[in-house]
Amino acid sequence: MGLRSVSPIYLMSGPSFSLLKQISELRTSYWALVLPRLVACISSLLIDFSVVQLCDLFSLQSSFVLIILASSYTMFTYLSRPFSNSLETAIFSLLLVLVVKVVKNIHRIEAQKILEEMEELENDRYERITLEEFRKREKTKPMGDRMSKYKDGNDGNVFLIGVVAAVGVFIRPTFAVFSFVPIIWLLGVAVVSGDRPISYLFLMVCGAVIPSAVFILTDTVYYSDMTVLDILAEFRQCVVTPGDVAECWEGFFSLFTVAPWNFLKYNTDPANVSLHGRHPHYTHLLVNVPLLLGPLVVYILRALYRVCLGDSPPNTTTLLCFLTAPILLLSLVPHQEPRFLLPVLPLGILLCAPSINRTKHKGLLITLWGAFNLACLLFYGFLHQGGVIPLVSYIQKNLHGGNSLFTDKDKFFFYHTYMPPRSLLLSNSSLEQIIDLQGSSVQILAESVKSRKGCCSYLAVPGTLLDMVTQQNIRYDVINTFPLHLSMEDPPPYAVIRELWNEWMKKSSINKLSNAFSLFFLKIKS
């Protein structure tokens, strides 16, 4: 069962690994890490482009907004890495540009209509009628005459909105949550202005059908043993079958892999959610939003307060609705991580940056913003789970070659770390060799490393859990240590930090702290 569409994944990482296959000199874990990140970094420029476009549409000063956006640590940590959330953010930013362009065009045409109606009324010398009577008379004219007179040119952009929305949903199904309010806003404006809302909805559906069909067909071929010719043969069979037509078509449609639907079914199963971790429903609001936006949260709360008082500009209200609605909806999901909210980052900056630029405390706020992002950059960019990639690179360098330390039969267990990137191993056997124990119990850890026969077992474990491994009578040799590694699930004990604070000159205290902030690579003795 395919939970993720393969096409966006190939778009982010496929060209890089194809290049590695062609150029043997680049076939190292370093380039396997850097090249996909370079693609992600280039794709993040779409966010900058979209923010500039939105600033023009909302009449904001783009230069200062871009400075705030570029100085956000998320641009260096999350959005420059080939996460599906990064691509989702870029595509959502593009969707916002298209939606706002259509709405602004509708407002422009509406204002043009009113202006021309008033001019015609003033020039009418033979009869005196009210504006409402004039509009009723205009509605009796043929639709073609009226539409040709006010050609809005929105059809192309509306069609593209459908295309972009479908692509976004197949990148991450949560894209539907982010795009829901902007699209409803567009349709609502079209209804109020009488500007063909049914036609807009039809164009969006038509635009969504084409990429959806391509993604579904690609995923079906990838996740099954079928080819396109096999699918066409099944289709022909259902067309010409003289038997139970309904059963035949039901079987035909069951052949297809619809990744967003599979993703939804998987994540609505409580047992599956428990595997990834459950969080309180307030985690997004009280933890993840402040982690992403830092001091800007104060301005968001201030804008929300002004909206509640009815003292807020229309643009501010619109951006605030786009920002808060997906956060509240995603707060209903029990598994919550900061990266799930990345698409709201440009909205938060667009909402807050103009206020910062106008305030008399601008210098102080910029200093706070810079200090916050510098601290988060050092933490998330270097310290948090910082030993995992160097350790996998170490394995890759010593797995191939004449003087290699490891063989293709060895097993590498990762315990209480984030998912190790198997692609950096550059080995066809990486799925079998790298075993991710995630946050399993220590009993499962002991059983796993002791049950392997006929091969060497190695264990990657945070230094804070080293004593726990020893207590399970697991005998080991330390192969290497990788410093600057911190797991927030297993932070350094308070006693170690207090000891270092009281006796910071003692070498023993410094060694304890160094071990607590390191990832240990152990060889398990039989």
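Everything numeric in this text was worked out from a predicted model, so none of it was measured. The residue numbers shown here count from 1 along each chain, following its written sequence. In keeping with the model being predicted, local features are shown solely for residues with a pLDDT of at least 70 and side-chain atom pairs are shown and tallied solely at 80 or more, while totals for entire chains, interfaces and linings include all residues. Heavy atoms throughout the structure, all of them, feed into the side-chain values; hydrogens and water do not.

On to the packing of aromatic side chains, then. Stacked, tilted and edge-to-face pairs are distinguished by plane angle, under 30 degrees for stacked and over 60 for edge-to-face with tilted covering the rest, among Phe, Tyr and Trp rings (Trp via its six-membered ring) whose centres lie within 6.5 Å. In this structure the tally under the stated criterion is 27 aromatic pairs. On the numbers, 6.5 Å between centres and 50° between planes, the contact of Tyr 78 with Phe 83 is tilted. Given a relative accessible area of 12%, Tyr 78 falls into the buried group. Whether a residue is buried, partly exposed or exposed follows from its accessible area with a 1.4 Å probe, protein chains only, as a fraction of its type maximum: under 20%, in between, or over 50%, in that order. Residue Phe 83 is classed as partly exposed on the basis of its relative accessible area, which comes to 30%. Here the aromatic residues Tyr 73, Tyr 78, Phe 83, Trp 369, Phe 372, Phe 379 and Tyr 380 are joined through ring pairs into a cluster of three or more.

The helix and strand labels rest on DSSP assignments: H or I over at least four residues marks a helix, E over at least two residues marks a strand, and numbering proceeds from the N terminus. As for its position among the elements, Ser 331 is in the loop between helix H18 (314-330) and helix H19 (345-358). Among the residues examined, Ser 331 registers a relative accessible area of 6% and is labelled buried. We define a polar contact as two N or O atoms separated by no more than 3.5 Å, with the added condition that, inside protein, one atom must be a possible hydrogen donor and the other a possible acceptor, whereas residues neighbouring each other in sequence contribute only through side-chain atom pairs. One polar contact links the side chain of Ser 331 to the main-chain carbonyl oxygen of Ile 327, over a distance of 2.7 Å. In what follows, a contact means two residues having at least one pair of non-hydrogen atoms within 4.5 Å. Setting aside residues no more than four positions away along its own chain, Ser 331 makes contact with His 281, His 284, Leu 285 and Gln 336.

Further remarks concern unusual backbone geometry. At Asn 473, a residue that is not glycine, the phi angle is positive and equals roughly 60°. The residue Asn 473 is located in the loop between helix H24 (466-471) and strand E4 (476-483) in this model. For Leu 484, which is not glycine, the phi torsion reads 60° and is therefore positive. Mapped onto the secondary structure, Leu 484 falls in the loop between E4 and helix H25 (494-502). Given a relative accessible area of 53%, Leu 484 falls into the exposed group.

Here is the key point about a regular strand: its side chains alternate between the two faces of the sheet. Burial analysis of strand E3 (residues 457-462) places six of its six residues in the buried class, which makes it a mostly covered element. Here E3 shows two buried faces, one formed by Ser 457, Leu 459 and Val 461 and the other by Tyr 458, Ala 460 and Pro 462. As paired elements, E3 and strand E5 (residues 518-524) share five bridges and run antiparallel to each other. If you follow Pro 462 over to E5, its bridge partner there is Leu 519. Pairing between strands requires that DSSP locate at least two bridges from one strand to the other.

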